[in-house]
Amino acid sequence: MKDIAIIAVGGYEEIGRNMTAIKIGKDIVVMDMGIRLDRVQIHEDTDLESLQPADLIKLGAIPDDSIMENVDGTVRAIACTHGHLDHIGAISKLAHKYHAPIIATPFTADLINQEIKSEKIFGVKNPLQVLKAGERFQVTSDIELEFIRVQHSIVDCVFAAIHTPKGTIVYANDFKIDRSPTLGEPPDFARLRALGKQGVLALITETTNASISGKTPSERIAKDLVWDVLLGTEESKAGVMVTTFSSHIARIRAIIEAAHKMGRKPVLLGRSMEKYWTTAVRTGYAGKEDVAFFGRRKSVDNALKRIMTEGKDKYLPIMTGHQGEPGAILSRVANGETDYLVESGDRVIFSAGIIPQPLNVSNRHTVVTKLKMRGGRYYDNVHVSGHASQEDHWELLRMIQPEHVIPSHGNLVSHTSYLKMAEETGYSLGTNFHLVRNGQELLID
């Protein structure tokens, strides 16, 4: 029977730069290759194409995969669970080292293809294999990869089940238990329960929100929150701006629908807004609704100038910058670097939580302060998370009943919170619950 090892390349002691190598005998399946956004002030509009991987590794921005040089095995596949940069952002910098196909769902594969095409240093020649949720890919004669539908704050997100001769490993990074999503279908509970009955050898799971009690609300709740803020006011003549995750297509669709109900023209502003929206249109997750989008700085500035000329009450700009990232559209507006003037009574709606990193908290505070100084009204956290809370994690554990649990995509605080919950479910640290750090290898008995 082939030995199985979990190699923690990145993401096991931080939020971001996810990369896990699952070794089955001499064959390896790599899960995700992401970046850590806060290390180099990277945000959704940042150009990574010209940055050297050695510099990014030194900064702690992408996984240090030098550990793989000492691993006795061959990478047979690189699989990505969804399209967020902390899961796919390092593919253009690292994937060329491995002669293996990159496997992803349609929306994620489209984003990866864009990353590869825009890369200015390496020619990434790995074949890109599209695998839909519910489908399987034969990695080797005795290793099979299966994608299982889940929900997250980006469309086309999946769990990966790696079927091996010794048992199935489930990679659950990232997810939420959303039974009434506004876009796409609920998680495939029937398949997850079936896996649990067949037997799951190990679960590798994110712990981002494991310290938050209760259950993460459905995206349907977020849509209600957005509509309540946008439609529930008599201040119909005031300027209104919304900032949210560019990749959150379900949320953006809800904002666009609200704009039309308000009698305003929705306008997407920012390079990443344009990128993700056009990707969603290509892959069928968005129609060609009455929405304009502008990505390049000059076109964004012209659009903002036009909004000021024709009247702020006629438009609903939806822009990048919810974390207060320097250079993003909202930061430029707050700094007075555009023709769009925030005036007394204008509303600024943050339909995004703060990514839990000190730099993000500081940047967001700075931008909000500047907007308030200009007279803007600040609506915070008109949002629900895309990450599972404690009871969601508990539910997944009960559903698939893995023999071993390995927390990933989090820090020691979130891992410890998850451990406390797992102990209540019958797991114990060092026996069948394993804390690993970046650079470590765990042998699964």
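Calculation notes
Residues numbered from 1 in each chain as written. Predicted model: local features only at pLDDT ≥ 70, side-chain atom pairs only at ≥ 80, totals over all residues. Heavy atoms only, no water. Pairing = 2+ DSSP bridges. Helix = DSSP H or I, 4+ residues; strand = E, 2+ residues; numbered from the N terminus. Axes fitted to C-alpha atoms, helices over the stretch in contact; angles between N-to-C directions. Contact = heavy atoms within 4.5 Å. Parallel < 35°, antiparallel > 145°, perpendicular 65-115°, else oblique. Left-handed = near helix turned anticlockwise from the far one by under 90°. Polar contact = N/O pair within 3.5 Å; in protein donor to acceptor, adjacent residues only side chain to side chain. Nonpolar A, V, L, I, M, F, W, Y, C, P; charged D, E, K, R; others polar. Core = buried A, V, L, I, M, F, W, Y, C linked by side-chain atoms within 4.5 Å. Buried < 20%, exposed > 50% of the residue type's maximum accessible area, 1.4 Å probe, protein only. Salt bridge = Lys/Arg side-chain N within 4 Å of Asp/Glu carboxyl O.

In this section: the sheet that holds strand β10 (residues 167-172). What the 6 strands build is an open sheet, ordered β7-β8-β9-β10-β11-β18; its pairing is mixed. The open sheet has two free edges, formed respectively by β7 (136-140) and β18 (404-408), since each of these has just one partner strand. Strand-to-strand twist in this sheet, taken as the mean axis angle between neighbours without regard to direction, amounts to 20°. As paired strands, strand β8 (residues 143-149) and strand β9 (residues 158-164) are joined by 6 bridges and run antiparallel to one another. In the sheet register, Arg-149 faces β9, and the bridge partner there is Val-158. Each of β9, β10, β11 (200-206) and β18 touches helix α12 (residues 390-400); the most contacted strand, β11, lies at about 165° to it.

Attention shifts here to the packing of helix α6 (residues 219-231) against helix α7 (residues 249-262). At a minimum axis distance of 10 Å, the contact between α6 and α7 shows a crossing angle of 30°. Considering their axes alone, α6 and α7 lie roughly parallel with respect to each other. Considering the relative orientation of α6 and α7, their crossing is right-handed. Residues Glu-219, Ala-222, Lys-223, Val-226, Trp-227, Leu-230 and Leu-231 of α6 lie in contact with α7, whose contacting residues are Ala-250, Arg-251, Ala-254, Ile-255, Glu-257, Ala-258, Lys-261 and Met-262.

Bringing the side chain of His-248 into the picture now. In this fold, His-248 is placed in the loop between β12 (240-244) and α7. Among the polar contacts made by the side chain of His-248, one reaches the side chain of Glu-219 at a distance of 3.4 Å. Contacts of His-248, omitting those with residues within four sequence positions, involve Ser-153 and Glu-219.

Our next topic: the pairing of β7. Inspection of the sheet shows β7 paired to β8 by 4 bridges, in the antiparallel sense. In the strand pairing of β8, Arg-136 is matched with Glu-146. Between β7 and β8, which pair antiparallel in sequence order, lie 2 residues.

It is at 10 Å that the axes of α12 and helix α13 (residues 412-424) come closest, and there the two elements cross at 45°. Classified by the angle between their axes, α12 and α13 sit oblique to one another. Crossing handedness for the pair α12 and α13: right-handed. Taken together, the residues of α13 that come into contact with α12 (itself represented by Gln-390, His-393, Trp-394 and Leu-397) are Tyr-418, Met-421 and Ala-422. Of the residues belonging to the contact of α12 with α13, the class tally is 5 nonpolar, 2 polar and no charged.

The strand order β14-β13-β15-β12-β16-β17 describes an open sheet built from 6 strands, whose pairing is parallel. Both edges of this open sheet fall to β14 (292-294) and β17 (377-379), since each of them pairs with a single strand only. Direction aside, neighbouring strands of the sheet carry axes that sit 20° apart on average. Inspection of the sheet shows strand β13 (residues 265-269) paired to strand β15 (residues 315-319) by 5 bridges, in the parallel sense. In the strand pairing of β15, Leu-269 is matched with Met-319. Contacts from α6 reach β12, β15, β16 (347-351) and β17 within the one sheet, and its direction differs from that of β16 by about 180°. Strand contacts of α7: β12, β13, β15 and β16, with the helix running at about 170° to β12, the strand carrying the most contacts.

A few words on unusual backbone geometry. Cis geometry is found at the peptide bond from Asn-173 to Asp-174, where omega equals 15°. Its place among the elements puts Asp-174 in the loop between β10 and α5 (189-198). In this structure, Arg-17 takes a positive phi of about 35° despite not being glycine. Along the chain, Arg-17 falls in the loop between β1 (4-10) and β2 (19-24). For His-409, which is not glycine, the phi torsion reads 45° and is therefore positive. Mapped onto the fold, His-409 is located in the loop between β18 and α13.

The subject of this paragraph is the nonpolar core. Within the largest apolar cluster, 59 residues are counted, with the highest numbers of intra-cluster contacts made by Met-33, Met-68, Ile-91 and Leu-230. With 7 residues, α7 is the single largest residue contributor to this core. Those residues within four positions of Leu-230 in sequence are excluded, and the remaining contacts are Val-240, Val-242, Ile-255, Ala-258, Met-262, Leu-316, Arg-347 and Ile-349.

This paragraph deals with the pattern of salt bridges. Enumeration over the complete set of coordinates arrives at 26 salt bridges. Here Glu-115 ties to Lys-275 by a salt bridge, and the two come within 3.0 Å at their closest N and O atoms. Residue Glu-115 is located in helix α4 (residues 106-118), and its partner Lys-275 is located in helix α8 (residues 271-282); the two are separated by 160 residues in the primary sequence. With relative accessibility at 12%, the residue Glu-115 sits in the buried group. In this structure, Arg-179 and Glu-395 form a salt bridge, with 2.4 Å as the shortest nitrogen-oxygen distance. In this pair, Arg-179 is assigned in the loop between β10 and α5 and Glu-395 in helix α12, connecting sequence segments 216 residues apart. Here the salt bridges do not stand alone but share partners, grouping Lys-2, Asp-27, Arg-76 and Asp-142 into one network.

Limitation: the analysis is restricted to geometry and does not speak to function.
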